[in-house]
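So you can see what is in the structure, the chains are spelled out below.
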Amino acid sequence: MEENYFSNLNTKTIGKKVQCHKKVTSTNDLGWLEVSRGAEEGTVILADEQLKGRGRFGRDWFSPSQKGIWLSVVLYPSRFPEETFLLMSIGALAVADLLKNKFGLPASIRWPNDVIINNKKIAGIIVESKYINKSPNATVMGIGLNIDIPDSEIPPDLKDITTSLTKETNKATSIGIKEIAADLICLLDKWHDKIINRELETIQDAWRNFSCVMNKSVSVKIKDKILEGKIIDLDPCKGFALLESNGNTNWLRGETVEMLRLI
């Protein structure tokens with residue numbers, strides 16, 4: 001992808017500056033490098049390929065060359081940790097918004113950071129924050145969105161749980177990745193603007209509407225403990241409310257939950 005293609009995006013914050021790279025270890029790694037260089041807020045790093053793309057809890061993210069959108073955004077949240085959780089939610093909302101309204105796909109969000117279609121993962125979001133000058137005021141949000149990955153190229157352990165845009169839209173030819181990337185950047189900016197304007201109810205309502213776990217029975221892993229119950233409420237900042245079989249209700253936050261599955 002060429003940087004000049006993204007030079008005239010009509011955005012307020014995210015996408016005012018876009019860097020494009022061929023091959024990187026991780027776009028989040030480059031995001032942190034840009035933070036150390038004083039990058040302006042909203043700087044976007046795009047790569048054709050990631051050699052060591054990562055998800056939550058250090059998991060790998062398969063990022064083959066020119067087969068998906070692998071991007072990161074540098075942000076400086078004014079409220080911590082509240083905005084860190086909000087950033088993960090708007091990352092998922094932007095992707096789900098794109099898939100539903102541009103491609104007519106039944107996208108949903110599997111709490112806290114996966115976007116799924118027909119019970120298969122098509123995208124994931126990771127948000128990393130670090131203390132800069134003793135204040136946690138720097139954040140890098142990474143997004144991986146599978147666009148055109150043939151089944152023959154998907155690792156065996158991922159074949160049954162992942163999907164891609166071309167597969168879900170039944171299109172044999174490649175979809176223009178840079179056009180989709182531009183649309184995604186604009187949607188990220190739109191949802192980020194709602195954080196700036198404190199339109200938190202709008203974010204929360206959309207978060208619930210796109211959720212595939214709201215009012216569903218789930219199994220949750222927290223360290224070595226497994227909990228089961230029904231999710232009765234969702235909040236981008238607080239996490240989710242789990243009603244257990246014993247009648248107790250507990251709010252569980254994203255950084256503590258290693259795995260969540262429908263049962």
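Preceding this section is the structure that the text describes.
Basis of the calculations
- Residues numbered from 1 in each chain as written.
- Predicted model: local features only at pLDDT ≥ 70, side-chain atom pairs only at ≥ 80, totals over all residues.
- Heavy atoms only, no water.
- Phe/Tyr/Trp six-rings, centres within 6.5 Å; stacked < 30°, edge-to-face > 60°.
- Buried < 20%, exposed > 50% of the residue type's maximum accessible area, 1.4 Å probe, protein only.
- Lys NZ or Arg CZ within 6 Å of the ring centre and 35° of its normal.
- Helix = DSSP H or I, 4+ residues; strand = E, 2+ residues; numbered from the N terminus.
- Arc of directions from axis to C-beta.
- Polar contact = N/O pair within 3.5 Å; in protein donor to acceptor, adjacent residues only side chain to side chain.
- Core = buried A, V, L, I, M, F, W, Y, C linked by side-chain atoms within 4.5 Å.
- Contact = heavy atoms within 4.5 Å.
- Axes fitted to C-alpha atoms, helices over the stretch in contact; angles between N-to-C directions.
- Parallel < 35°, antiparallel > 145°, perpendicular 65-115°, else oblique.
- Nonpolar A, V, L, I, M, F, W, Y, C, P; charged D, E, K, R; others polar.

> I'm lost on the packing of aromatic side chains in this one. Help?
Two aromatic rings are characterised by how far apart their centres lie and by the angle between their planes. Here the structure, examined in full by the defined rule, presents two aromatic pairs. Relative to Phe-6, the ring of Tyr-5 lies with its centre 5.2 Å away and its plane at 80°, an arrangement referred to as edge-to-face. A residue is classified by how much of its surface remains accessible, and Tyr-5, at 32% relative accessible area, is partly exposed. Phe-6 sits in the buried class, given a relative accessible area of 2%. Positioned above the aromatic ring of Phe-103, the side-chain terminus of Lys-102 is 5.9 Å from the ring centre.

> Teacher, can you tell me more about helix H1 (residues 27–36) here?
Because an α-helix packs 3.6 residues into every turn, residues spaced three or four apart end up facing the same way. Listed in full, the buried residues belonging to H1 are Thr-27, Asn-28, Gly-31, Trp-32, Glu-34 and Val-35. Across the axial projection of H1, the buried residues extend over an arc of 155°, all falling on one side. Two or three places before Asn-28, at the opening of H1, Ser-26 has a side-chain oxygen 3.1 Å from that residue's backbone nitrogen. Gly-38 sits one or two positions beyond H1 and adopts a positive phi of about 80°.

> Honestly, the nonpolar core in this entry has me stumped. Any pointers?
A general tendency of soluble globular proteins is for nonpolar side chains to be buried together. Within the largest apolar cluster, 68 residues are counted, with the highest numbers of intra-cluster contacts made by Leu-46, Ile-69, Leu-71, Leu-99, Val-115, Val-220 and Phe-240. Among the elements that make up this core, the one with the highest residue count is helix H2 (residues 82–103) (twelve residues). Aside from chain neighbours lying at most four places away, what touches Phe-240 is Trp-111, Val-220, Ile-231, Asp-233, Leu-234, Asn-250, Trp-251, Leu-252, Val-257 and Leu-260. In this structure, Val-35, Val-74, Ala-138 and Val-140 belong to the second largest nonpolar core, which totals six residues.

> Mind showing me how you'd approach the packing of helix H4 (residues 177–196) against helix H5 (residues 200–210) here?
Axes are the key here: two packed helices are described by the angle between their axes and the distance separating the axes. It is the contact of H4 with H5, at a shortest axis distance of 8 Å, that shows an interaxial angle of 130°. Taken together, H4 and H5 sit at an angle that is classed as oblique. Along the contact surface, H4 presents Trp-191, Lys-194 and Ile-195, while H5 presents Thr-202, Ile-203 and Ala-206. Broken down by class, the residue content of the contact of H4 with H5 amounts to four nonpolar, one polar and one charged.

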